[in-house]
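Each chain, written out:
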Amino acid sequence: MEFYLWLFVLIFISLIVFSIRFKWWKKNISYSYPRVLMYHMISEHLPKKQSKFNRLRVKPEEFEKQLIWLKKNNFKSFTLSELVSLKEIPQKAVVITFDDGYEDNFTNAFPLLKKYGFKATIYIVLNRFNKDWATDKDLKVSSNELNNEKMLTDEQVKNMIQSGIIEIGSHTLDHVNLPELNINEKKQQLLKSKEQLEELFKINCTSFAYPFGFHDEKDVSLVEELNYSNATTTYNSVYDKKLFSNYKIPRIMISGRQGILAFILKIKKGRVR
């Protein structure tokens, strides 16, 4: 009898935690507002004791479930630059984005995007092959875990660009904390990364993502001045043009620690983590 009582209490507490976290009872947010989704890696998890960042690793089978759900529910896929250029945004517009430029974006995500007919914008750190580009934003020290990840090669990037479904955006030269830089350093990171991407891949680079989501008003002004058409943040919401400019576009983070139910609730509610 005592076992069943404890089981009931455990289930009850779990339901409360789930409800607080995902606010499933709240009204769905209109699909007239685009959902811009933020991913990093599409890969298997590392053992728990070896990883702080498994939340950034969405397993390939989970990513496929998410794409299947979006397709079955008639979501329309755009790149970021396509979305901001639309005069009228259709119902159920979705943009899939990836930060940093991990190799699994090509090996695992790209085949699934092609299979289900979805586009994506990938924000690349230019100096991603340096083994000190990635920093733990909480500890403010270099992250060995992330620095040891394999990164996209230039040939893989070119292959994806040729497919017509992948847009390449800038994530600065060195994945820097922009608000901590002086004005000349900011310009160097924003302009040189854009120029190098355009020269290397023969593209027009107009999309940008603030590393860590950190930015100040000078960063926002510079991004616009340097002829980017848009920039994404890590603010968790749908993209309501009345609330957010093209240079402060919010995104919904898709966590590798949550399953398809959490994903569906995020899409419907628009801002749950």
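Relevant structure appears above.
Residue indices follow the written sequence of each chain, beginning from 1 at its first position. Two thresholds apply to this predicted model, a pLDDT of at least 70 for residue-level local features and 80 or more for giving and counting side-chain atom pairs, whereas whole-chain, interface and lining totals are computed over all residues. The basis for the side-chain values is all heavy atoms of the structure; hydrogens and waters are excluded.

Caption draft 1: Representation of the overall build of the chain within the structure. Runs of E in the DSSP output that reach at least two residues are strands. Runs of H or I that reach at least four are helices, and both are numbered from the N terminus. Within the chain, the secondary structure is distributed over 9 helices and 12 strands. Burial here depends on accessible area, computed with a 1.4 Å probe over protein chains only, as a share of the maximum for the residue type. Under 20% is buried, over 50% is exposed, and the range in between is partly exposed. Split into buried and exposed, the 273 residues of the chain put 51% on the buried side. Residues are treated as being in contact if the distance between any of their heavy atoms lies within 4.5 Å. Put simply, of all contacts in the chain between residues at least 6 apart along the chain, 66% involve residues at least 24 apart. All accessible areas in this document rest on Shrake-Rupley with a 1.4 Å probe, and a residue is counted as covered only by the protein chains that are shown. As displayed, the chain offers around 13,800 Å² of accessible surface, 55% of which is attributable to carbon and sulfur atoms.

Caption draft 2: Seen up close, helix H7 (residues 183–201). Multiplying 1.5 Å by the helix residue count minus one yields the expected span of that helix. For H7, which comprises 19 residues, the first-to-last C-alpha distance of 27 Å matches the rise-based estimate of 27 Å (1.5 Å per residue) to within 8%. Within the span of H7, buried status applies to Lys186, Gln189, Leu190, Ser193, Lys194, Leu197 and Phe201. Looking straight down H7, one finds its buried side chains confined to an arc of 105°; they lie on one side. Turned more than 90 degrees away from the buried face of H7, the exposed residues are Asn184 and Glu199. Its buried side turned inward, H7 meets strand E6 (120–124), helix H6 (154–163), strand E9 (166–170), strand E10 (207–209) and helix H8 (217–225). Polar contact is defined as a pair of N or O atoms within 3.5 Å, subject to the rule that within protein one atom must be able to donate a hydrogen and the other to accept it, and that residues adjacent in sequence are counted only when both atoms are side-chain atoms. With a side-chain oxygen positioned 3.1 Å from the backbone nitrogen of asparagine 184, the residue opening H7 is asparagine 182. Just downstream of H7, lysine 202 is the residue with a positive phi angle, here 55°. Throughout, the arc means the angular range of directions from the helix axis out to the C-beta atoms.

Caption draft 3: Region of interest: the side chain of arginine 35. Tracing the backbone through its elements, the reader meets arginine 35 in strand E1 (residues 35–39). A residue counts as positive if it is Lys or Arg and as negative if it is Asp or Glu; His and the chain ends are not included. Salt bridges are defined as contacts in which a side-chain nitrogen from Lys or Arg sits within 4 Å of a carboxyl oxygen from Asp or Glu. The buried charged residue arginine 35 lacks any salt bridge, with aspartate 240 as its nearest oppositely charged partner at 9.9 Å. Polar side-chain contacts of arginine 35 include one of 2.8 Å to the backbone oxygen of isoleucine 29. Apart from residues no more than four positions distant in its own chain, arginine 35 is found in contact with Ile29, Ser30, Ala93, Val94, Val95, Val238, Ile252, Ile267 and Lys268.

Caption draft 4: Broad picture of the nonpolar core. The nonpolar core is taken to be a set of buried Ala, Val, Leu, Ile, Met, Phe, Trp, Tyr and Cys residues, with the residues joined through side-chain atoms within 4.5 Å. Leu37, Tyr39, Phe63, Phe98, Leu113, Ile166 and Phe263 are the most contacted members of the largest nonpolar core, which totals 55 residues. No other element matches the 6 residues that helix H4 (residues 104–116) contributes to this core. For isoleucine 166, the contacting residues outside a window of four places in its chain are Phe110, Leu113, Ala120, Ile122, Met160 and Ile161. Among the nonpolar cores identified, the runner-up in size contains 12 residues, and Phe78, Leu80, Val95 and Ala209 belong to it.

Caption draft 5: Examining unusual backbone geometry more closely. In this structure, asparagine 74 is a non-glycine residue whose phi angle is positive, near 65°. The residue asparagine 74 is located in the loop between helix H2 (60–72) and strand E4 (76–78) in this model. Not every positive phi belongs to a glycine, and lysine 202 is a case in point at roughly 55°. Within the fold, lysine 202 resides in the loop between H7 and E10. With relative accessibility at 69%, the residue lysine 202 sits in the exposed group.

Caption draft 6: How the structure looks around the pattern of salt bridges. A complete count under the given rule lists 13 salt bridges for this structure. A salt bridge links glutamate 155 to lysine 158, with the nearest nitrogen and oxygen atoms 3.6 Å apart. Of this pair, glutamate 155 and lysine 158 both sit in helix H6, separated by 3 residues, roughly a single helical turn. Classification of glutamate 155 by relative accessible area gives exposed; the value is 55%. Relative accessible area serves as the criterion here: at 31%, lysine 158 is assigned to the partly exposed category. In this structure, the salt-bridge partner of aspartate 219 is lysine 186, at a minimum N-O distance of 2.6 Å. Taken as a pair, aspartate 219 in helix H8 and lysine 186 in helix H7 lie far apart in primary sequence, 33 residues in all. In this structure, aspartate 219 and lysine 186 share a single accessibility class: buried. Taken together, the salt bridges that share partners define one network made up of Arg57, Glu145 and Glu149.

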